[in-house]
Amino acid sequence: MSWLPVLLWFVPGFFGLLLWCLSPGSPRQGRLAKLASILQLGLAAWLLRITAGGEILVQSFGDWSAPFGIAFAADRLSGLFVFLQASVLAVTVWVLRPAAHGGKTIERALPLLFLLSFGLNGAFLTADLFNLFVAFEVVLLCSYLLIQVPGTARSLQAAFPNVAINLLASIFFFVGVGLLYGQYGTVNLADLAVSIASGSMETATVVACGLLALAFGIKAGLVPLLFWLPATYPTFSGPVAALFAGMMTKLGVFALLRTVPLLMPATPIPSLLVVVGALSALLGVLAALSEYELRRLLGFHIVSQVGYMVLGLGLLTSGAVAAAIFYLTHHILVKASLFYVADELERRNGTRDLRSMQSDQARNGGLAALFLLAALSLAGLPPLSGFLAKIGLFEATLEARSWWTLTVLAVASFFTLASMLKVWRFAFEKGSSEGRGSGPRFRLAPVWLLVGASLFMIVAAGTIYEFAEATARQLLDADSYAAAVLSGLAEVAPPEVLEP
């Protein structure tokens, strides 16, 4: 099954190009996109099932094994991210409708969404830093184009800071990769892990790893360069914003999860991630409390909750990393659901300002129930999945005797609940009989699937947590990952390449 990661990388790229080639406005475009999303979801579920047993699928291109050739490697973490990305993409494709979002928006967005998925899957499955960099750039190019899909003045205004800050992150990323290649002569993650572990930790290595962590932190929207991220979400078409909320910042989190245990455990970077994660958790939710534009409010919440995940990673214990992975899974499902709800609220009310919304616009189609379940889970109320995720992080911080971070997380959780109650008060509780009516019934079934998945996490919490713990142990076992990726080196690499 080593070809499965390559197939999962190829499928969304192929369908993205095919959708682009179809005549604009063709009804076949929507049908093909739905079929492609189901196909990708099925393949992703297959990959998750195989990797859940602990197997690492490695596929090299051509006749060259790692570290000399391009290699894809899928472990539990890759399988989880590919599956979650395919799930949110499928819901986005099914929620996008011409009557709600405009025919032009859909015909422009659909090809870009699959090309975005192509870049994301490449990042989740690659086994070397240079191809990770390339995948990041594919994702960023698609995101720039998706920002422009609505074609509004706000889209143009949001594009410049988005491009500028991500170009800065890309420069840090590229320089970090160059420094590591200059020192060790390789960009393969497994080969770098072996080389760094077997030698002394030099200053240049710490600087290079620091640049990588800084680049990934910027892309994840961490403190201090975080304000570009919430400003971006209101510019997307609603369902596209939900996909970005669920997956885009998690690309930076994934890169940190992949590289920190392999390359940086002996550096000061994990300790810095604890501080940055705690500050992001607190400052993000404080910024959200002051917002009245719904999608900006939810965008600042993303900053806050990414802080929880990064803090768990920074503690670098199996329990903390497992809690971060469980939290990440819950967050992708819940946050995407909240953005779908926000899109429907904005369309029904004809405004993005919470203070101008009326509760009678939200009484149709189960919208209030969807919001309440997702919001309370985000705030971490028992017995919802957010509560289970936060309890795991609290336990990990207690074991690490990091009392100040535990305090910060508790305060941030309280403010998260307060901001969700603010949304409820303005959008669902405050009302007037002079509203425009409930509007057309929203097709909520795909969104209910995501919320239902978060509720399923309550029932299957033990099994999912066991998977998260196994994933954490696999991530922290750098030797096993290196052995799996480099296992074909002796048979394939020519002798002259191995000479010093």
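Residues numbered from 1 in each chain as written. Predicted model: local features only at pLDDT ≥ 70, side-chain atom pairs only at ≥ 80, totals over all residues. Heavy atoms only, no water.

Draft legend 1. Molecular detail of the pairing of strand S2 (residues 71-74). Of the two faces of S2, the one carrying Ala71 and Ala73 and the one carrying Phe72 and Ala74 are both buried. As defined by bridge partners, strand S1 (residues 57-60) adjoins S2 across four bridges and the pair is classed as antiparallel. Bridged to valine 58 within S2 is alanine 73. (Buried < 20%, exposed > 50% of the residue type's maximum accessible area, 1.4 Å probe, protein only. Helix = DSSP H or I, 4+ residues; strand = E, 2+ residues; numbered from the N terminus. Pairing = 2+ DSSP bridges.)

Draft legend 2. Representation of helix H16 (residues 385-399). Compared with the 21 Å implied by 1.5 Å per residue over 15 residues, the 21 Å span of H16 between its first and last C-alpha is a close match. Taken as a whole, H16 has its buried residues at Ser385, Gly386, Ala389, Lys390, Gly392, Leu393, Phe394, Ala396 and Thr397. If you follow the buried residues of H16, they end up packed against helix H13 (294-315), helix H14 (318-349), helix H15 (367-379), helix H17 (403-429), helix H18 (445-459) and helix H19 (461-476). Arginine 401, located one to two residues past H16, shows a positive phi value of around 55 degrees. (Expected span 1.5 Å × (residues − 1). Contact = heavy atoms within 4.5 Å.)

Draft legend 3. Highlighting unusual backbone geometry. A cis amide bond links valine 223 with the next residue in sequence, proline 224, at an omega value of 5 degrees. The residue proline 224 is located in the loop between helix H9 (203-220) and helix H10 (228-232) in this model. In this structure, proline 383 follows proline 382 across a cis peptide bond, with omega equal to 0 degrees. Structurally, the position occupied by proline 383 is in the loop between H15 and H16. One non-glycine residue with positive phi stands out, namely leucine 316, at about 55 degrees.

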